[in-house]
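Coordinate inspection notes
Below, each chain spelled out in residue letters.
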Amino acid sequence: MPDQARLFAQLENAAATITPYWPLQSFIAANPIQGLERLSFEEAVELGTDLFGGRGYPNAVSVRRALSDGRIDRDVLQEVAERHDRPDLVKDGPADALATASTKPAATQVNRLLIKWLAAFLEEGQAGWPMPGREHGFWRAWRNLAVHDRDLPERAEIGRLPEEPLAALAELMSGVPEAEREAVLTKHLVALPGWSGYVKWRAGQRAHPWQQAAPIALVDYLAVRLTLSRLFGEREPVPASNGTLAPDGAVWLEAWEESYRRPLLERLQRSADTKDRRESPPAAQLIFCIDVRSEVFRRHLEAVGPYDTLGFAGFFGLPIAHQTFGSATAVASCPVLLEPKHLVQDTPAGGHERQAERHLQGRAHLTGVKTLTAQLKESVATPFAFVETAGGLFGLAMAGRTLMPKRFSDLLDRLRRRVSPDAKLAPQIALTACGPREEDVSGFSDAERIFYAEASLSIMGLTRDFAPLVLLCGHGGETINNPFAAGLDCGACGGNHGGPNARVMAAILNDPVVRRGLVERGIEVPETTLFLAAQHNTTTDIVTLFDPEVGRAAHPEIFATLLKDLGRARSAASAERCRHLPGATGDSLSAVSARATDWAQVRPEWGLARNAAFIVGHRDLTHGLDLEGRSFLHSYDWQSDAEGQALEVILTAPMVVAEWINTQYYFSTVDNVAYGAGSKITHNVVGTFGVMQGNASDLMTGLPAQSVMAADDRGYHEPLRLMTVVEAPLARVEQVVRRNDILKTLFGNGWVALAVLDPETGLLSRRGRNGTWAAAFQTSSERQGAPASQTAAAPTPQVA
C-alpha cells in the first residue's frame, strides 16, 4: 500500500475514537465516548479518562446524597458490594478521590491558534468579513493566509509544505515510526475532541451548503495541527488524566442502578400479573412520541377520560425533508440515522391563497427590517448613528423582555400577525413535480403512502379496534435566547418540531387510496375513524390541533370533550413538573408559560433529565403506573409480530437513539466539564454551530450544567445507564438480539441492560452480558416487592 494510502487508513482508524458532533441547530444527542462502545463500559470509561481526561462515574458528593435519601438502597448496596468483593465500601462510603473535579487542560499555543483559525473558517454567516479562500478547503486556505499571521514563528516554512493536505500530513508524519502513527494521530484528534468531532460531522455532509462553500476534512485539520506543533516545537499532546477514576465507581453505579431498576421491574411484574385489557375501543386514541416527557402528559390524560395513548417515534416513520411555506430550504425531519427520501412542502389550503400571499408579503417586510438592522449594527460607518437613533427603542424592548417577558412576547406576536397574518396551510403529500427536471419531485406515490401507513400502524401495534378519533401528536419545546433550543425539540425529527410529521401521517392515513391499500394488507380502518394532527408543547404542555374544524365537524361531541380533557391534563402535568423546576412557584400554568418566554431563563424545562428506562410493550403494562417521566414508552403488540420484525425495528432504531440520549445525559452529569457543556453563564456561541467557554476553548459538545444540575453542588439528573424492558416471548427477543451486532454490543458490553417480560409464561427475566438469562424474581414474595436481600441464586432459563 502506498505510504499516503496507508496514512489515510491510519487516520480513519484514529478517527473512529471521535464522536461526531452535530451542530446546535439540530443538537443530536450522542454518547461522547461512542467510539469506545466496542469495549465494555468499564474499559471504555477507563480509556476515556486517559484520552479525554473525563470522569466516568458519579462523584462522591452525588453518591453520598443518593445514599442518604434512599435512592441507593443499602440492602442492594450490600449485595452488590459483596458480589464485587468490596464489603469495605458499605462500611467506609465513597472515597474522597471520587469527588475530585475534572478540569480542562490549559490551552496550549497550538490549541489557541488552531481554535482561532477553525472558528474563522467554519463560521456560518456570523462574520461581517468572512475568511477568504474558504472554497479551496481548510488546509489550502490556511496555508495561504497563515504566512501573514505574526503569532506564528518561522511561518515561512508553511509555504514549503505541499499544497495537497494528505501529502502535507505525510511529510509532517515522516519522522514518526510506522507502528506509532495511529496512536499519534489519535492523540492529536482527542486534544480538542469537540472541534475534531465537528469537523468529522461536517466532512460527512457533502450536501450541506456550508460544507460546499467551505469544505473541510480531518486530514485538513490534522495537517494544520501538526504544522502548528512543528512551528512551536510542541511534542505530541498529552491527554490530561486527572486521576478521578475511582476503582469503586462501578460498584456504586451498579448499586444505584439496581436500586432504581428492581422496584420498577417489581411494579411491571405486578402490572402484568393483574392487567385486564379493555375490550371496547376508547373514545379517542392519542399517539405521542416515545419521549420521556410524554409519559407525564399521557398518564394525566388517561386519568381524566376514556382515552388510550400509544408511544411511537415522533417522526411517525416518515423519512422526510420538510419545507415550510415561504422558506427557500427544507430541513431533514427524521432521525439522523436515516436520509430523507421525500420532500414535503407546505402549500396554502384551499380557499386561503390570498391570505397566504399577504403572509408572504408581510414576511418579506419583516425580513427586510431584520437585514437592515443587522447591516446598520455591523457596518463600520453606521453603528454610532444607529444607536443614537434607535437605542431608545432597543432599551424599551430590553426592559419589556426582562420585566414582563410573557406580556412582551404576546405583544410581539400580535404585531407580527398584523404585519404577516398566519395562513392556513396543508402539507403536499401527493407525488408532484416541483421543478423542470425529472428528479424534481416531492411527496409520495400511492404505494409509498400505503407502505408507510402499514409500517407505522404495525410497529406500534395499532391494527384493530380503532377509535372514532385518532390524534397523532408531535412535540417541540419553546424557549428564547437559548443556543440549546433544539435539544428540547424532537430528536426523532432531527431536532425539529414534530408537528409537520404528524400532519403528513394524518393526511396519509385519511387518504381513501391508503385505506383501501391497508384493507388488502389486513388492516381495516373504519370509515368513521378520523386521524388528526397535533403538537405537544413540552415546555407549556399546550396541545395545539392543526385542523380543529375537521375534528369538530366529524365527531363534535368527542372532539369537544377531548379539548376540555387536554386542558385538564395540561393543568395536572404542569403542576407535576413545577414541583421539580427551581423557582416555579404560584399558578403552574402561568409559571411554565413565563419560562417559555423569559430570555434569562436557563431552565425553561428539564428536557429528558432523569431518563433511565425504555419500555416496549402494550400500554396495558404501564397504564396507571406513575413512571415519574423517566421512561421512554414504545407501544408494541407481540401477538401481531410473530417474526419479530417490528421488535427488531424498535430495538435497532428508537432504542439506539434512546441510548444516545441516555449516555449524553449520563456523561454530562458525571463530568460536565469534559463531557458536558459547562455553565450557560459563560457560554460563547461560535459560528452559530457550537459553544465555547470564553473565547478560545474546545467546542462544548454535551449538555450545559443547567440541564442536569439543580444547583452547583446538587444534581437533578440521576446518572444511570438505560434499562430496556420488552414485553414479548423471551426466545423471540433473544433471536432479535443475536442477529444484530449493534444489540449484541450494547447489551454485551454493559451500555444497556435488558429485561424481558414473557407474556406466555408470565416470567420476567434479565439478560447477562454473556447472553445468559436469569429470572428477575425467584420467589412469590419477591414478585410482591420483598427486599432484594432475600434474592436467591438465579437459574439460567434455556433460550431457543
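For the structure itself, look to the data block above.
Throughout, a residue's number is its position along its own chain's written sequence, starting from 1. The predicted origin of the model limits local features to residues at a pLDDT of at least 70 and limits the giving and counting of side-chain atom pairs to 80 or more, whereas totals for whole chains, interfaces and linings rest on all residues. Side-chain numbers here rest on the full set of heavy atoms in the structure, without hydrogens or water.

Before going further, it helps to spend a moment on the overall build of the protein chain. For helices the rule is a DSSP run of H or I covering at least 4 residues; for strands it is a run of E covering at least 2, with both sets numbered from the N terminus onward. Looking only at helices and strands, the protein chain has 30 helices and 21 strands in total. Our radius of gyration looks at C-alpha atoms and nothing else; its globule reference is 2.2 Å times the residue count to the power 0.38. Against the compact-globule benchmark of 28 Å for 800 residues, the protein chain has a radius of gyration of 28 Å, which places it among compact chains. Dimensions of the protein chain, computed from C-alpha atoms along their principal axes, come out at roughly 80 × 75 × 55 Å. Burial classes follow relative accessibility: with a 1.4 Å probe on protein chains only, a residue under 20% of its type's maximum area counts as buried, one over 50% as exposed, and anything between as partly exposed. Every one of the 800 residues in the protein chain was classed for burial, and the buried ones make up 53%. Whether two residues touch is decided by their heavy atoms; if any such pair falls within 4.5 Å, the residues are in contact. For the protein chain, restricting intrachain contacts to residue pairs at least 6 apart in sequence, the fraction spanning at least 24 positions comes to 71%.

Values of bend correspond, residue by residue, to the angle between axes fitted over the seven residues ending at that residue and the seven starting there. Along helix H16 (residues 383-403), the largest kink reaches about 60 degrees and is centred on alanine 390. Of the positions making up H16, those classed as buried are Phe386, Ala390 and Gly400. Against the buried residues of H16 lie helix H15 (353-378) and helix H17 (405-419).

As a further point, take the sheet that holds strand S9 (residues 469-476). Whether two strands pair depends on DSSP finding at least two bridges between them. Spatial strand order, S2-S1-S9-S10-S11: five strands in an open sheet with mixed pairing. Because the sheet does not close on itself, it has two edges, and the strands there are strand S2 (307-312) and strand S11 (543-545). Direction aside, the axes of adjacent strands within the sheet are offset by 30 degrees on average. As paired strands, strand S1 (residues 284-289) and S2 are joined by six bridges and run parallel to one another. The residue bridging isoleucine 287 from the neighbouring strand is leucine 310, located in S2. Interaxial angle, 0 to 180 degrees, is taken between N-to-C directions of lines fitted to C-alpha atoms, where a helix line uses only the stretch in contact.

Whenever Lys or Arg places a side-chain nitrogen within 4 Å of a carboxyl oxygen from Asp or Glu, that contact is recorded as a salt bridge. Within this structure, the stated rule accounts for 49 salt bridges. Salt-bridge contacts for arginine 140 lead to glutamate 164; the nearest nitrogen and oxygen are separated by 2.8 Å. Here arginine 140, found in helix H7 (residues 138-146), pairs with glutamate 164, found in the loop between H7 and helix H8 (165-172); they are 24 residues apart in sequence, far enough to count as distant. The exposure class assigned to arginine 140 is partly exposed, which follows from its relative accessible area of 26%. Salt bridges linked by common partners bring Glu79, Arg83, Glu254, Glu257, Glu258, Arg261, Arg262, Arg721 and Arg766 together as one network.

For the rest of this paragraph, the subject is the environment of aspartate 69. Mapping aspartate 69 onto the fold places it in the loop between helix H3 (60-68) and helix H4 (74-83). When its relative accessible area of 45% is taken as the criterion, aspartate 69 is described as partly exposed. Polar contacts here mean pairs of N or O atoms no more than 3.5 Å apart (in protein, one a potential hydrogen donor and the other a potential acceptor; neighbouring residues in sequence count only if both atoms are side-chain atoms). For aspartate 69, the side chain forms a polar contact with the side chain of arginine 71, separated by 3.0 Å.

Helix packing geometry: the angle between the two helix axes and the distance between the axes. Contact pair H8 / helix H12 (residues 218-232): the axes reach a minimum separation of 9 Å and the direction vectors enclose 35 degrees. Crossing hand, H8 versus H12: left-handed. Contact residues: Pro165, Leu166, Leu169, Glu171 and Leu172 in H8; Val219, Asp220, Leu222, Ala223, Leu226, Thr227 and Arg230 in H12. Only Asp, Glu, Lys and Arg are considered charged in this grouping, and only Ala, Val, Leu, Ile, Met, Phe, Trp, Tyr, Cys and Pro are considered nonpolar; every other residue, Gly among them, is considered polar. Here the residues of the contact of H8 with H12 sort into eight nonpolar, one polar and three charged. The hand of a helix crossing depends on one turn: near helix anticlockwise from the far one by less than a right angle means left-handed, and clockwise means right-handed.

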